[in-house]
Every structure is written in structure tokens, then in C-alpha cells.
Amino acid sequence: MRKKTELISYLPPFLAEYEEIRETLKAQDPEFDSLWEASERVLRNGFADTADEAGVKRFEKLLGITPSQEDSIEVRRSAIRSRWLRSLPYTAGMLIKKLTVLCGNDFKVTVSPDEYKVRIITHLRLYGEILALREILDEMIPANMTPESFNSISFNADGAAFVYTGFRITGKHRKIKTEVKNYGME
């Protein structure tokens, strides 16, 4: 946020002595403040990571994304980033690049060409990010490969309880079966 505008400070001292000029410029200060705020908002809305509600809606309209009513602004931003990176060629490097955008550096990919499997381990916390991951895998994994995706979330609870959960997607030739596994409480 910019500091408050004071147009009087731009005048030479001999003009600042006149009360009419000082009052006129003081009345215009709020208009310049509003102008600066609007221009900063336009700049922030140019990027999905800093866009407000109106900016996110514009990106969603541009990319053809229909969010659900329960999605938070962060989930919607994640969906925008995921859709924005859709581009050919679909290579292992491009898959890792997309996963880096979605997950940061908190994932592991193992490709087993002999078994025709791609195993991905992530630690996503938001439901929309898991949907974005599934969309990426559906789009980028070849039909002759079986994607296995595991998402685990660990967190500290009061005491010594840890909860690990994940999901697994298996299938061949785009027939996908989803399982949810809970690995218990310790």
C-alpha cells in the first residue's frame, strides 16, 4: 500500500502559501489515493497468486473453470494455476513441472516402465488440489501406463496421535478406480 498522497508537497514554497491552492489540492488528495489503490488492484489481479475475488472470477471465465460454492479462494487459485499450465508435449519433465507448481517440491515421482506404472506421492491438504492432481494425471499419463497416486497428510495433534490418509488411483486404458485408504491412528 502506498503512503497517503499529499499534492501540496509538489508545489514550490511560494505557491503553497496561498490558501486557495492548498485547499484545492487537499480536496484532490483522496481522488489520487483512490486512483493509486485502483491501479494497484489491477496489477494484483494480473496474477493468479495475488488476485482478489474479481480477478479470480476473470481467470476462471477465461479458462472455462466452474468453481463449486464450497471452494475457497486458494483452491480456486490452485485450479487456475493447474489449468494455465496445460500445454504439449506431455513428457515426464512436463509432468514434474506441473507437479512442482501444484505441490511445490513436496512430492515424489517414480516411473516403472517395465511394469507400466507411474507412482506419485504427494502431501496435498486442500480438496481442490487433489482434484487438480487427478485432472493432471488423467490428462498426462499415457493410456498404457497405470497411475498410482498416494496423498498423505501428517499433522501433530495434542499428545502423540498422528493420522495418515491417502488415495490410490489405478486403472488401464483410462478406466479409473479410486480407493480411499486410512492407515489408522497411532
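Thresholds applied
Residues numbered from 1 in each chain as written. Predicted model: local features only at pLDDT ≥ 70, side-chain atom pairs only at ≥ 80, totals over all residues. Heavy atoms only, no water. Helix = DSSP H or I, 4+ residues; strand = E, 2+ residues; numbered from the N terminus. Buried < 20%, exposed > 50% of the residue type's maximum accessible area, 1.4 Å probe, protein only. Contact = heavy atoms within 4.5 Å. Areas by Shrake-Rupley, 256 points an atom, 1.4 Å probe, with all protein chains shown as cover. Core = buried A, V, L, I, M, F, W, Y, C linked by side-chain atoms within 4.5 Å. Axes fitted to C-alpha atoms, helices over the stretch in contact; angles between N-to-C directions. Parallel < 35°, antiparallel > 145°, perpendicular 65-115°, else oblique. Left-handed = near helix turned anticlockwise from the far one by under 90°. Pairing = 2+ DSSP bridges. Phe/Tyr/Trp six-rings, centres within 6.5 Å; stacked < 30°, edge-to-face > 60°. Lys NZ or Arg CZ within 6 Å of the ring centre and 35° of its normal. Right-handed = clockwise from strand over helix to strand, strands pointing away. Arc of directions from axis to C-beta.

Turning our eyes to something else, we now look at the overall build of the protein. Within the protein, the regular secondary structure consists of six helices and five strands. Reading the protein from its N terminus to its C terminus gives the helix and strand order α-α-α-α-α-β-β-α-β-β-β. Each of the 186 residues in the protein was classed as buried or not, and the buried ones make up 28%. For the protein, the proportion of contacts with a sequence separation of at least 24, taken over those separated by at least 6, is 42%. Accessible surface for the protein amounts to roughly 12,600 Å². Of this, 57% is attributable to carbon and sulfur atoms.

Residues Leu95, Leu99, Leu102, Leu133, Leu137 and Ile141 are the most contacted members of the largest nonpolar core, which totals 16 residues. Broken down by secondary-structure element, the contributors of at least two residues to this core are α5 (92-103), β2 (117-122) and α6 (127-140). By size, the runner-up hydrophobic cluster in this structure holds seven residues, among which are Ala48, Phe59, Leu63 and Ile80.

On to the packing of helix α4 (residues 73-84) against α6. Axis separation between α4 and α6 bottoms out at 9 Å; the angle between their running directions is 15°. Here α4 lies roughly parallel to α6, going by the angle between them. Note that α4 runs across α6; the crossing there is right-handed. Along its contact with α4, which presents Val75, Ser78, Ser82 and Arg83, the element α6 presents Gly128, Glu129, Ala132, Glu135 and Ile136.

Let us now look at the sheet that holds strand β1 (residues 107-112). Spatial strand order, β1-β2-β3: three strands in an open sheet with mixed pairing. Either end of the sheet is taken by a strand with one partner, and the two such strands are β1 and β3 (146-151). Adjacent strand axes in the sheet meet at a mean angle of 10°, parallel and antiparallel pairs treated alike. Inspection of the sheet shows β2 paired to β3 by six bridges, in the parallel sense. Among the inter-strand pairings, Ile120 is bridged to a residue of β3, identified as Ser149. Contacting β1 and β2, α5 runs over the sheet at an angle of about 155° to β1.

What follows deals with the packing of aromatic side chains. Inspection of the entire model under this criterion finds one aromatic pair. Between Phe59 and Trp84 the ring centres are 5.9 Å apart and the planes differ by 80°, which places this aromatic pair in the edge-to-face class. Here Phe59 is found in helix α3 (residues 53-63), whereas its partner Trp84 is found in helix α4, with 25 residues between them in sequence. Overall, Phe59 belongs to the buried group, its relative accessible area being 7%. Here the basic side chain of Arg58 rests over the ring of Phe59, its NZ or CZ set 5.3 Å away from the ring centre.

A one-sided burial pattern is seen for β2, the buried positions being Val118, Ile120 and Thr122 and the unburied ones Lys117, Arg119 and Ile121. Pairing of β1 with β2 involves six bridges; the strand directions are antiparallel. Paired with Phe107 across the two strands is Thr122, which belongs to β2. Following β1, the chain reverses through four residues before pairing antiparallel with β2; Tyr116 in that reversal takes a positive phi of roughly 55°. Remark: the β2/α6/β3 crossover connection has right-handed handedness.

Quick reminder: α-helices carry 3.6 residues per turn. Residues three or four places apart thus point the same way. For α3, every residue scored as buried is listed here: Gly55, Val56, Phe59, Glu60 and Leu63. The buried side chains of α3 occupy one side of the element, clustering within an arc of 140° when seen end-on. Looking at α3, the residues exposed on the side facing more than 90 degrees away from the buried face are Lys61 and Leu62. Looking at the packing, one finds that the buried side of α3 touches α4.

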